[in-house]
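# Residue-level structural notes
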Amino acid sequence: MPKHYRPPGKKKEGNAAKYITRTKAVHYLQVSLSNFRKLCILKGIFPREPKKKVEGNHKTYYHMKDILFLAHEPLLEKFRDIRAHKKKVKKALARKNRDLADRLLNREPTYKLDRLILERYPTFVDALRDLDDCLTMVHLFAALPAVEGERIQVERIHNCRRLSHEWQAYISRTHSLRKTFISVKGIYYQAEVEGQKITWLTPHALQQVLTDDVDFNVMLTFSEFYVALLGFVNFKLYHSINVKYPPILDPRLEALAAELYALCRYISAGSGRLSGDPQAITSVEDGQHEVEKTDTRTEESELRLAQLQHQLSANEPGALMHLMENTDDMDDEDHEKKECRNLFRNLKFFLSREVPRESLLFVIPAFGGVVSWDGNGSPFKESAEDITHQIVDRPTQGHVFLSREYVQPQWVYDCINARIILPTEKYLVGRVPPPHLSPFVDNEAEGYIPEYAETIKRLQAAAKKQVLPMPGVESQDLDDPQTLLVEGIIDRTEANEAAEKKRKLTMLEKQYHDELNMELQGITYSTSLSNKNLQSSAENVKEDTVTTLEESEDLSKVSMSRKKRKLYEAMKIGQERKKEKIKLLKERKKNAEASKTG
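Position numbers for residues count from 1 along each chain, tracking the sequence in the order it is written. Per-residue local features of the predicted model are confined to residues with pLDDT of at least 70, and side-chain atom pairs are confined, for both listing and counting, to 80 or more; whole-chain, interface and lining totals are unaffected and use all residues. Side-chain metrics rest on all non-hydrogen atoms present in the structure, leaving aside hydrogens and water.

Looking up the protein in an unreviewed UniProt entry gives the name Pescadillo homolog, with the organism given as Musa troglodytarum. UniProt positions are given in the numbering used here, feature names are shortened, and annotations may be inferred rather than shown by experiment. Word for word, the UniProt comment on the protein under Function (unreviewed entry) is "Required for maturation of ribosomal RNAs and formation of the large ribosomal subunit." We quote the UniProt Sequence similarities (unreviewed entry) comment for the protein here in full: "Belongs to the pescadillo family."

As structure tokens, then:
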């Protein structure tokens, strides 16, 4: 009899009872493989890796409790109804009964994901923590071409575009944006909403091509769930700032593809009505009086649009920035939010045609700036005299205004990451800008600080009126009298006195260490002891100390368990790799400087 023989009918035990293969799970639930994948994505169930794979290593395993959890899911019945409905439509078309097929298509069964959202995210903070992938997916679909006949429905792309603009308008309104970084993949953003840091990636504004090596069915299932999730999140966030959701946009701006600007105007108008603006309250009362006379939804929506256009005239300069004036109590905000709000205050930007308009319209108002663009629907024209900065990305300009500065788009993002207004000399038109540093990398932890990061650090310290060491000088060298004299903190007399005092302390400290080393070696003090003996004894002590440290390290490794020893060796390997990386970066920097000088 084999060792692991189990008589037929005996209950399974161990991994055979805990896990089930994907094929058996599909047969158990009596659904197709595509519906099983869709159900697992919507419910958040993923494959497992058992320690012992009973059916073989080449199969996918799921936990049996997860499959039993799916068996009681109401969506399972909906999927079966949809499958039966498709069969009826196909049967009617095969019999050339077009009327029956049309009636069946008009009564197609539908389902909602509201209960699943509440089930997977019991609290609002849970939804915010899982919003990174959601925002990345929604922004990706928003950038796809909305063309009929493609594999992705046009309505889905429009919904993603609307939700992404609503999210950006909220982040810009509440000044929650913290970091930005432009990479090859796209533009990274990081915002802080209710104490949660949310990072997402937005693709560049380029023509997207749908490739054949991507499974769009899986991506569409994820986007279906993420669209529902982001809709709930936007609803909660808009109500937290007393703005009605979903927003009603200005049709003229919406037709001009300025949805983000229209949303910001809507939010500012909603904040004005609820914050007690007399003009806004009057218009709301008049609107309510007129709504009572109307009966249809079309007339009601037209009335609301008329109210919105009356409150914020399209010709009013800086209407977008009303959201900065109608903010809540500033006393309740933290220092970081105040710093972000006031970064671009009193600055007015104008965007040329060649710059990424959507991104700059998002980030500049988020940090307190007023922005317009070259095109219809813009709040002010290029000829406005109070424009302080014009964002351009071409070497020559047709007409140059002497009252403003022409900078490249990178200047805006570097100012946001540094939280100060950087000098514009390095970002002027036609010049090669400085390296765009990532705010998501901790240079001190990596062990290598780029040269431009040191420059930004000095500018930040100058803005905060702090004293920093000169380049190449360590922080502990700030106590050096010569350094303080060069910095202009003390005069020459005080520097000489401090240098003399430091020299005496250094001599006394050296004498104490020499006598201590002699005492350790058992040498009696003698006036005839030469300086050479002292130096040799000191070198011997140093060599003995290094040897002792190496021996203690070897002894500690011997006493470690195998797991801790492997972990310690992995840490050492990581440290060596970091040192090699730093050395390589320094060599590249040296070669770049040599090529510039040569």
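Now, onward.
A few words on the environment of Ile198. By the element assignment, Ile198 lies in strand E5 (residues 196-202). Two residues qualify as a contact provided that any one of their heavy atoms is within 4.5 Å of a heavy atom in the partner residue. For Ile198, the residues in contact, after removing those within four places along its chain, are Leu128, Leu131, Asp132, Leu135, Trp167, Tyr189, Gln190, Ala191 and Val193. Each helix is a run of H or I in the DSSP string that is no shorter than four residues. Each strand is a run of E no shorter than two, and both are numbered from the N terminus.

Position of Lys579 among the secondary structure elements: in helix H25 (residues 562-597). Whether a residue is buried, partly exposed or exposed follows from its accessible area with a 1.4 Å probe, protein chains only, as a fraction of its type maximum: under 20%, in between, or over 50%, in that order. Of the residues examined, Lys579 reaches a relative accessible area of 54% and is grouped as exposed. Taking the C-alpha atoms as reference points, Lys579 and Tyr448, separated by 131 residues in sequence, lie 9.4 Å from one another.

Let's shift gears to the sheet that holds strand E7 (residues 370-373). The pairing criterion for strands is at least two bridges between them, as found by DSSP. Read from one edge of the open sheet, four strands run E7-E6-E8-E9, paired in parallel fashion. Lying at the two open borders of the sheet, with one neighbouring strand each, are E7 and strand E9 (405-407). Here the average twist between neighbouring strands, direction ignored, is 25 degrees. By the bridge criterion, three bridges tie strand E6 (residues 348-351) to strand E8 (residues 389-391) in an arrangement that is parallel. Each bridged residue has a counterpart across the sheet, and for Leu351 the counterpart in E8 is Ile391. With axes taken as lines fitted to C-alpha atoms, and helix axes fitted only over the stretch in contact, angles between N-to-C directions fall between 0 and 180 degrees. The strands touched by helix H18 (residues 357-366) are E6, E7 and E8; relative to E7, the strand with the most contacts, the crossing angle is about 165 degrees.

Attention shifts here to the sheet that holds strand E3 (residues 177-182). The three strands lie next to each other as E3-E4-E5, forming an open sheet whose pairing is antiparallel. This sheet does not close on itself; its edge strands, each paired only once, are E3 and E5. Adjacent strand axes in the sheet meet at a mean angle of 15 degrees, parallel and antiparallel pairs treated alike. Note that strand E4 (residues 187-193) and E5 share seven bridges and pair antiparallel. Within E5, the position partnered with Gln190 by the bridge is Thr199. This element, helix H19 (residues 410-418), spans E3 and E4 of the sheet and lies at about 135 degrees to E3.

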